[in-house]
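# Architecture and fold: a report
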Amino acid sequence: MSVKQELINAKALIANPENWTQSCLARNAGDMFVNVNDPSACKFCALGALRKAGTHEDAYMKLADAAFKAGFKGIVALNDHGLHEDVMEMFDKAIEEAS
């Protein structure tokens, strides 16, 4: 899978705000912390979604670069201190850079 496709797939996992979380990689329907690969995981942070979607280091770097350009210290900082819209914009910029 390409870096661009990995980013697109990760973004799709959290495109609905109900499937996005903060302060942990993944949660189940009861809002308990779970591993991103746990079958009950249904909510992901930006980094958790990226880990669920694939393993390309280049995808991580594109997303981190987009977070830095948005004024945050990294993916986790933007995810945990920004809004869902900020996370979606970070993915959009990373996808554009991967094109």
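Above this text you will find the structure in question.
The notes below deal with the structure included here.

In this section: the pattern of salt bridges. Applying the stated criterion across every chain yields a total of four salt bridges. The partner of Asp65 in a salt bridge is Lys69, with the nearest N and O atoms 3.2 Å apart. Note that Asp65 and Lys69 are positioned in helix 3 (residues 57-69) at a spacing of four residues, about one turn of the helix. Assessed through its relative accessible area of 31%, Asp65 is described here as partly exposed. Lys69 sits in the exposed class, given a relative accessible area of 60%. With its nearest N and O atoms 3.2 Å apart, the salt bridge here joins Lys93 to Glu89. Of the two residues, Lys93 and Glu89 both sit in helix 5 (residues 84-98), four residues apart, roughly one turn of that helix.

Take the state of the cysteines next. For the structure shown, the criterion picks out zero disulfides. Between Cys42, a cysteine without a disulfide, and Cys24, which holds the nearest cysteine sulfur, the sulfur-to-sulfur distance is 11 Å. Distance from the sulfur of Cys45, which forms no disulfide, to the nearest cysteine sulfur (Cys24) is 6.8 Å. You can call Cys45 buried: its relative accessible area is 5%.

We now examine helix 5. Taking 1.5 Å as the rise per residue, helix 5 with 15 residues should run 21 Å; its terminal C-alpha atoms sit 21 Å apart, in good agreement. For helix 5, every residue scored as buried is listed here: His84, Val87, Met88, Met90, Phe91, Ala94 and Ile95. Summarising the axial view, the buried residues of helix 5 lie within an arc of 155°, below the 170-degree limit, and thus occupy one face. Set apart from the buried face of helix 5 by more than 90 degrees, the exposed residues are Glu85 and Glu96.

Conventions and cut-offs
Residues numbered from 1 in each chain as written. Predicted model: local features only at pLDDT ≥ 70, side-chain atom pairs only at ≥ 80, totals over all residues. Heavy atoms only, no water. Salt bridge = Lys/Arg side-chain N within 4 Å of Asp/Glu carboxyl O. Helix = DSSP H or I, 4+ residues; strand = E, 2+ residues; numbered from the N terminus. Buried < 20%, exposed > 50% of the residue type's maximum accessible area, 1.4 Å probe, protein only. Disulfide = S-S within 2.5 Å. Expected span 1.5 Å × (residues − 1). Arc of directions from axis to C-beta.

Keep in mind that these numbers describe shape and distance, not what the molecule does.
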